[in-house]
Amino acid sequence: MEFFVQLLVNGISIGFLYGLAAMGFVMIFKSSSVLNFAHGELLAAGAFIFLTLVTWAKIPVFVAFLVTLAGSFLLGFIVERLFLRPLIGEPLIYVIMLTVGLASIFKGLMLLVWGGNLYIYPDFLPSTISLQWGNINIPPVYVVAIIIGLFFLTLFGLFFKYSSQGIYMRSVADNQTASLSLGVNVRRVFALSWAIAALVAGMSGIVLGIINGINVHDLSSVGLKVFPVVILGGLDSIGGAILGGLIIGLLETFTGGYLSPSLRDVIPYIALVFILMVKPYGLFGLVEIERV
Amino acid sequence: MNTIPLLQINNISVVYSDVIQVLKGVSLTVERGTIVSLLGSNGAGKTTTLKAISGLLKPENGRVTDGTIMFDSKTVQNSAPEDITRMGIIQVLEGRQPFKYLTIEENLRVGTATRWGKPYKRDMDMIYEYFPPLIKRRKSLAGYCSGGELQMLVIGRALLAHPKLLLLDEPSLGLAPLVVKEIFRIIRRINEEQGTTIILVEQNAAMALQIAHYGYVMENGKIVMEGKAEELRENPDVREFYLGMAASGTTKSYRNVKSYKRRKRWL
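Residues numbered from 1 in each chain as written. Chains lettered and ligands numbered in written order. Predicted model: local features only at pLDDT ≥ 70, side-chain atom pairs only at ≥ 80, totals over all residues.

Colleague: An account of the overall build of chain A is needed here, citing residue identities and associated values.
Modeller: For chain A, the count of helices and strands is 11 helices and two strands. Starting at the N terminus and walking to the C terminus, you meet the elements of chain A as α-α-α-α-β-β-α-α-α-α-α-α-α. Out of the 292 residues in chain A, the part that is buried amounts to 46%. The contacts of chain A with a sequence gap of at least 6 include a subset with a gap of at least 24, amounting to 74%. (Helix = DSSP H or I, 4+ residues; strand = E, 2+ residues; numbered from the N terminus. Buried ≥ 20, exposed ≤ 12 C-beta atoms within 10 Å, placed from the backbone. Contact = placed C-beta atoms within 7 Å.)

Colleague: I'd love a proper account of the interface of chain A and chain B, names of residues and values included.
Modeller: Contact residues are listed per partner, giving 17 residues for chain A and 27 residues for chain B. Put simply, the parts of the chain that give the side of chain A that touches chain B at least two residues each are α6 (164-174) and α7 (176-181) of chain A. In terms of residues, the side of chain A that touches chain B owes the most to one element, α6(A), which gives six residues. Here the residues of the side of chain A that touches chain B sort into seven nonpolar, eight polar and two charged. (Nonpolar A, V, L, I, M, F, W, Y, C, P; charged D, E, K, R; others polar.)

Colleague: So what's going on with the sheet that holds strand β2 (residues 20-30) of chain B? Residues and values would help.
Modeller: The pairing of strands in a sheet comes from backbone hydrogen bonds and takes either a parallel or an antiparallel form. All names here are of chain B. With antiparallel pairing, four strands are arranged side by side in an open sheet as β2-β1-β4-β5. The outermost strands of the open sheet, each flanked by one partner alone, are β2 and β5 (74-75). In this structure, strand β1 (residues 7-16) lies alongside strand β4 (residues 62-71), joined through eight bridges in antiparallel fashion. Paired with Gln8 across the bridge in β4 is Met70. The strands touched by helix α1 (residues 46-54) are β1, β2 and β4; relative to β2, the strand with the most contacts, the crossing angle is about 70 degrees. (Pairing = 2+ DSSP bridges. Axes fitted to C-alpha atoms, helices over the stretch in contact; angles between N-to-C directions.)

Colleague: With reference to specific residues and values, describe the nonpolar core.
Modeller: Here is a general trend for soluble globular proteins: nonpolar side chains tend to be buried in one another's company. All names here are of chain A. Ala21 and Ala22 are the most contacted members of the largest nonpolar core, which has 157 residues in total. No other element matches helix α8 (residues 186-212), which puts 18 residues into this core. Setting aside its immediate chain neighbours within four residues, Ala21 contacts His39, Leu43, Val200, Ala201, Ser204, Val222 and Val226. (Core = buried A, V, L, I, M, F, W, Y, C linked by C-beta atoms within 7 Å.)

Colleague: Summarise the pairing of β1(B); cite the residues concerned and give the values.
Modeller: Strand direction decides the pairing type here: β1(B) and β2(B), joined by eight bridges, are antiparallel. Bridge pairing links B:Val15 to B:Gln21 in β2(B).

Colleague: Can you tell me about the domain arrangement of chain B, naming the residues and giving the values?
Modeller: All names here are of chain B. Segmenting chain B into domains produces domain 1 (7-98 + 160-234) and domain 2 (236-267). At the junction of the two partners, domain 1 supplies seven residues and domain 2 supplies four residues. Breaking the side of domain 1 that touches domain 2 down by element, the ones donating at least two residues are α7 (205-211) and β10 (222-228). Of the residues in the side of domain 1 that touches domain 2, the class split is seven nonpolar, no polar and no charged. (Domains from an automatic or database assignment.)

Colleague: Lay out the packing of helix α9 (residues 216-233) of chain A against helix α11 (residues 267-278) of chain A with the relevant residues and their values.
Modeller: All names here are of chain A. Packing of α9 against α11 leaves a shortest axis separation of 10 Å and a crossing angle of 25 degrees. As judged from the angle between their axes, α9 and α11 are roughly parallel. Once α9 is placed against α11, the crossing between them reads as left-handed. Of α11, the residues touching α9 (which contributes Lys225, Pro228, Ile231 and Leu232) are Pro268, Tyr269, Leu272, Ile275 and Leu276. (Parallel < 35°, antiparallel > 145°, perpendicular 65-115°, else oblique. Left-handed = near helix turned anticlockwise from the far one by under 90°.)

Colleague: Hey, could you go over the confidence of the model for chain B for me, with residue numbers and the actual values?
Modeller: Mean pLDDT over chain B works out to 89, with 91% of the residues at or above the 70 mark. Confidence metrics for the complex model read pTM 0.86 and ipTM 0.87. (pLDDT = per-residue confidence, 0-100.)

Colleague: Give me unusual backbone geometry: which residues, what numbers.
Modeller: Backbone geometry at A:Lys58 places phi at a positive 55 degrees, although glycine is not the residue there. Locating A:Lys58 in the fold gives a position in the loop between α2 (39-56) and α3 (61-84). The phi angle at B:Glu170 is positive, at roughly 45 degrees, despite the residue not being glycine. Following the sequence through the fold, B:Glu170 ends up in the loop between β7 (165-169) and α6 (177-194).

Colleague: Describe the environment of B:Asp237, listing the residues and the values that go with them.
Modeller: Along the chain, B:Asp237 falls in helix α9 (residues 236-241). When the C-alpha positions of B:Asp237 and B:Gly195 are compared, they lie 32 Å apart, and in sequence the two are 42 residues distant.

Colleague: For the environment of B:Arg137, give the residues involved together with the corresponding values.
Modeller: Residues and elements named next belong to chain B. Relative to the helices and strands, Arg137 is located in the loop between α4 (121-130) and α5 (147-159). By the C-beta count within 10 Å, which is 18 here, Arg137 ends up partly exposed. It is 22 Å that separates the C-alpha atoms of Arg137 and Glu94, two residues lying 43 residues apart in sequence. Setting aside chain neighbours within four positions, we find Arg137 in contact with Ile104, Cys145 and Glu149.

Here's what the structure looks like:
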């Protein structure tokens, strides 16, 4: 029983991180219909920026966290500005191929700078935020992951529901021509969605780095894991991305715990196939409002 | 009082994808505070004219290749829609086009995009006053509202931008006659109370000429006729081809085969 609860909590916190990473992916897809294959690299970049700031520049952890978030935000912004904006109006496949190329470039750069070794962060999380019930011990990282997950979900939920900028972003996703006709700055919306996507990706990169260690290949492969998550949740639903993340996270930890650790990377895809057989648009794919 | 016209289009040509020429030298003038109606059959170039003004040609790979569009004595042809909307030109697209997954109220808020950061509460009340059916639906998704409500929504949404020039593309499309009447009544009210200058593109020529001050008739990418609305209403060609009347004023009978042989004089 203790083992079960332990796995459950681990699964939920990993799930939240996948969900956050997937949320960024969905945001880009919703606003500009682009599948971002460089998402895992954005995530790894966040983890490495944080690593450099903490171990090399010796900046206090909390400040380093904020600086990393700002840096990721900027990175997303620059990527959109330099690489994607010139391709607005070109066929979608060009843009998607571009993100594949970006993924290789980022990965190469990171390997060049940091090499392929496994790094770990210095132990900075106070053990007081770990949770303890009887024999169940939840390490601080998982608590932090859940807190960050919940915090940012609420934050973005409110942002999209109530802020003007959030409503403009949804309007562009909904009907681009109509939002252009009302003077919505569509290019700004694209830039903002890339920036926010990079920010949440970077953040989940940091926390995943604390849990699993930091390695270019491992972290960028999370970008692939985002695919079952978003397809499961429905490509265009942010809530679905979170739920998909939780499902994949739980599936992974439970297979890893009860069956075999080597199966844990395969099971999500198997589950995906079965769920898609039943619900081809994903669990929360947008139901097309059709007026007859 | 400013006496130069609000909008002056001088001999513009519009080409899509560098090859397909849709407008072949269109000129028109819109005086401040008037409703100008643009009539013509399908494919005559009415919508393209509106898009040339509002800058929405660009996403469709269209371009003004010749001529000038002066708005408030500034040239605006081929400018970006972000800039044109901020100068005060807002187009209401054909076929409604609401944001289906946003509520009515959120749809209206997108209308304030050109005035980002400014208060909009009072404007919102004004819209609900013009379009009372929207109040009780303010929290429901636009995708589930009726055609009449949506037409009101998209006009209201455009009004929130405080346009100087409002471009309406077929507001009567697919609506019941009574709803059409209601919408035209509101359009006229907006023009009278807000002083908004309006260009109205319509298939429903009878309705359009009732509320317009001036009218243009387009055919094959050219303006073929223009005049005061009442003059156009009396013009025998307009009566026959756009109002569905025989030259004598009675409803046209298709039994009279000869009426088919009558040619449009200007072609």
